[in-house]
Amino acid sequence: MKQFLIFVKKEWLHIWRDRRTLFILIWMPIVQIILYGFALTNEVKNSNIAIFDQSKDEATTTISDEIAASRYFNLVKNVYSYNDISATFRQGKIRMAIVFPRNFRYDLLHSNHAQIQLIADASDPNTANTLTNYASSIINDYQQSLNNNEELPYTIKTQVRMLYNPELKGAYSFVPGVMALVLMLVCAMMTSIAIVKEKEMGTMEVILVSPLKPFRIIIAKTVPYLLVSLLNIISILLLSVYVLDVPIVGSLFLLMAESTLFTITSLSIGILISNSAKTQQTAMFTSLMSLFLPTLLFSGFLFPIENMPVALQIISNIVPSKWYYIIIKNIMIKGLGFESVWRETMILVAMTSALLGISIYKFKIRLA
Amino acid sequence: MQKEKVITAKDLTKRFGDFTAVDKINFDVEKGEIFGFLGANGAGKTTAMRMLCGLLLPTSGLATVAGFDVYKQTEQIKKNIGYMSQKFSLYEDLTITENIRFYAGIYGLSNERIKEKTSLLLKQLHLEGQEKTLVKALPLGWKQKLAFSIAIVHEPAIVFLDEPTGGVDPVARREFWGLIYAASARGITIFVTTHYMDEAEYCNRVSVMVDGRIDALDSPANLMRDHSAASMDEVFLHLARKAVRTGD
């Protein structure tokens, strides 16, 4: 046991002496959270628009004012012809144009029908969709206010309730995603590099000759990264709660327990990679390709898995971060308990055991 | 007077599939001896040494190291040997004392022993005052001496040195061999592999491996006489020219 602790202490010294890497390890998650939380967001705000008002009556002016006042839109130009609209779009000055035909109010009141044209720049289809939706809902509100004075035969009111995340904050899906990413990176990649470094430097041979059992060597190498990961998780959670206003609805204890499990999963992957990698560069590259990218693409936090072709959906099941992401979302955002995540937990436990088993087996083979 | 044998090998063999890396080698090493294990690259030296260190199980044959069997008692072997690798096995980003403390601790020395040994080592190597120096700041010759001293910090019965003097100038190598002699005088057996044939002349006895077999085993003086050679260099060329295998 004392030997084990001496080894762990040595590993700590290595990490501590490499200030630059340590800095990145501790600050990276914090920077990522702040970036995702504030700078990168799916919400569309302050989009530039133009209005082509051919009626200039009470109705069109009211609607225009409502739209201009909305935080989603920024009215930059009033245009006076269709050519003008095309030119302004081509110059990239606006994302959407609203066209009111002539005699708008007259048509609305006397023939009960009026049209508004929304022209959007769909070179970014998602934004175009969002903007036209926003505009349509403002127009509908105006229509509602008119209809309040009249009786309509059939009305269906849809009442929308956004569960768990009523303000539709992007941060709610990003925070668990960043947690998965950071843990994968710190644990798997750094561990595999640390083990391979020993091989590269030539000190691994000496240690293998020593009375220290190989299994303990591997575990000792992972312990410091386990602690760094816990530190990362805590800093991410603190930031989420206090800076991004993403609350932890469920049990903090369960959250930490599941995160520790996922950390161990990532560490096992790191050990497995280190078994076959001969140089640190190989270790790093393998980790990036087989862990970082799949986590980014297949965990579900950037791109919904349900939208992917079935083949890719099946592949995503092998990526441990996918399961961790589900668990974290369920606990942190939905406030659910162990009953709803036990299946995913079992999957992670199975993956971890398999990975550890293979790594140990391969390690022993090498010495035989 | 028969001296105690610390290493014995009888028909020791290692095969990897079809390839026989070590082919029925026979030799003994006596306590306190400086035994040179020579051979070209690919001759099987490293494989043989791995078997003796308890890192590799032999395919057939018998061997004992410090009285322990290489098949069944590798744990005990590891406790009783020291090892210095080609790359000097020191951690460059740790200080001198941290390296000493690490390796001494791995071999189970108590804290007081570690403290004793640390100050003793520093004095012997004239490194007092350099406790907090990072190893990477040391010149190559010093690293080499430090690595050797650390390899025997737990006073093992045998120390295995794998090409320990690579890249070091002749003067530093002389000093290094001074340390080896001192250790040998204390009763530590030295098992050293080397490419430098002039170093072979410092050994009590040498063996020369060619294509997995030991083709010569005697003192350097006898070998030079038998092969009518003026130096171990010539002896080696004489024997190695017959080799079929080249490279590792």
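Scoring rules and cut-offs
Residues numbered from 1 in each chain as written. Chains lettered and ligands numbered in written order. Predicted model: local features only at pLDDT ≥ 70, side-chain atom pairs only at ≥ 80, totals over all residues. Helix = DSSP H or I, 4+ residues; strand = E, 2+ residues; numbered from the N terminus. Buried ≥ 20, exposed ≤ 12 C-beta atoms within 10 Å, placed from the backbone. Contact = placed C-beta atoms within 7 Å. Nonpolar A, V, L, I, M, F, W, Y, C, P; charged D, E, K, R; others polar. Pairing = 2+ DSSP bridges. Arc of directions from axis to C-beta. Core = buried A, V, L, I, M, F, W, Y, C linked by C-beta atoms within 7 Å. Axes fitted to C-alpha atoms, helices over the stretch in contact; angles between N-to-C directions. pLDDT = per-residue confidence, 0-100.

*Asks:* Explain the overall build of chain A to me, using residue names and the numbers behind them.
*Replies:* When helices and strands are counted, chain A shows 14 helices and 4 strands. Each of the three principal axes of chain A carries a C-alpha extent, and together these read 95 × 45 × 40 Å. By residue count, 34% of the 368 residues in chain A fall in the buried class. Within chain A, counting contacts between residues at least 6 apart in sequence, those at least 24 apart form 79% of the total.

*Asks:* An account of the interface of chain B and chain A is needed here, citing residue identities and associated values.
*Replies:* Every contact between the two is made by 21 residues of chain B and, on the other side, 19 residues of chain A. Tallied by class, the residues present in the side of chain B that touches chain A amount to 10 nonpolar, 5 polar and 6 charged.

*Asks:* Summarise the pairing of strand 9 (residues 205-210) of chain B; cite the residues concerned and give the values.
*Replies:* All names here are of chain B. Within strand 9, 5 of the 6 residues are buried, which leaves the element mostly enclosed by the surrounding structure. Taken together, the 5 bridges between strand 3 (residues 34-39) and strand 9 define a ladder with parallel strand orientation. Its bridge partner lying in strand 9, Phe-35 is registered against Arg-205. Across 5 bridges, strand 9 lies against strand 10 (residues 213-218) in antiparallel orientation.

*Asks:* So, unusual backbone geometry: which residues are in play, and what are the values?
*Replies:* Phi is positive for A:Asn103, which is not a glycine, with a value near 55 degrees. Mapping A:Asn103 onto the fold places it in the loop between strand 3 (96-100) and helix 5 (104-110). With a phi close to 50 degrees, B:Asp211 is a non-glycine residue in the positive phi region. Mapped onto the fold, B:Asp211 is located in the loop between strand 9 and strand 10.

*Asks:* Could you give me a rundown of helix 9 (residues 232-240) of chain B, with the residues and numbers involved?
*Replies:* Residue and element names in this part refer to chain B. Every buried residue of helix 9 is accounted for by Met-232, Val-235 and Phe-236. Down the axis of helix 9, the buried set is contained in an arc of 95 degrees. They therefore lie on one face. The secondary structure elements touched by the buried residues of helix 9 are strand 3, helix 7 (197-200), strand 9 and helix 8 (220-226).

*Asks:* Explain the nonpolar core to me, using residue names and the numbers behind them.
*Replies:* A:Val175, B:Ile81, B:Val159, B:Ile190 and B:Phe191 are the most contacted members of the largest nonpolar core, which has 130 residues in total. Of all the elements, helix 7 (residues 171-201) of chain A adds the most residues to this core, at 21 residues. With residues up to four places along the chain from it excluded, the contact list for B:Val159 reads B:Ile81, B:Gly82, B:Met84, B:Ala151, B:Ile152, B:Ala183, B:Ile188 and B:Ile190. Judged by nonpolar contacts, the second largest core, of 20 residues, contains A:Ala59, A:Ile94, A:Ile119 and A:Leu131.

*Asks:* Break down the sheet that holds strand 6 (residues 81-84) of chain B for me, with residues and values.
*Replies:* All names here are of chain B. Taken in spatial order, the 6 strands line up as 6-7-8-3-9-10 in an open sheet, and their pairing is mixed. Of all strands in the sheet, those with a lone pairing partner are strand 6 and strand 10, marking the two edges. Between one strand and the next, the sheet's axes are offset by a mean angle of 15 degrees, whatever the strand orientation. Contacts from helix 5 (residues 140-151) reach strand 6 and strand 7 (158-162) within the one sheet, and its direction differs from that of strand 6 by about 160 degrees.

*Asks:* Which residues make up the sheet that holds strand 4 (residues 117-120) of chain A, and what values go with them?
*Replies:* Sheets are built from strands that pair by backbone hydrogen bonding, the pairs being arranged parallel or antiparallel. All names here are of chain A. The 4 strands are arranged 2-1-3-4 in an open sheet whose pairing can be described as mixed. Edge positions in the open sheet fall to strand 2 (73-78) and strand 4, since each of these has one partner strand only. The sheet shows a mean angle of 25 degrees between the axes of neighbouring strands, taken without regard to direction. In terms of strand pairing, strand 1 (residues 47-53) meets strand 2 through 5 bridges, oriented parallel. Each bridged residue has a counterpart across the sheet, and for Ser-47 the counterpart in strand 2 is Phe-73. Packed onto the sheet, helix 6 (residues 125-147) meets strand 1, strand 3 and strand 4 and runs at close to 155 degrees relative to strand 4.

*Asks:* A description of the confidence of the model for chain B should follow, citing residues and the corresponding values.
*Replies:* All names here are of chain B. Residue-level pLDDT values for chain B average 88, and 98% of them are 70 or greater. Mean pLDDT across the elements of chain B ranges from a minimum in helix 7, with 82, to a maximum in strand 4 (residues 60-65), with 94. Both scores are available for the predicted complex, with the pTM at 0.76 and the ipTM at 0.78.

*Asks:* Lay out the pairing of strand 4 of chain B in plain terms, naming residues and giving numbers.
*Replies:* Residue and element names in this part refer to chain B. In the sheet, strand 1 (residues 5-16) pairs with strand 4 via 5 bridges, with the strands oriented antiparallel. Among the inter-strand pairings, Thr-8 is bridged to a residue of strand 4, identified as Thr-64. Bridge count between strand 4 and strand 5 (residues 68-69): 2 bridges; the pairing is antiparallel. The residue bridging Val-65 from the neighbouring strand is Phe-68, located in strand 5. Where strand 4 hands over to strand 5, the hairpin turn is made up of 2 residues, of which Ala-66 adopts a positive phi near 55 degrees.

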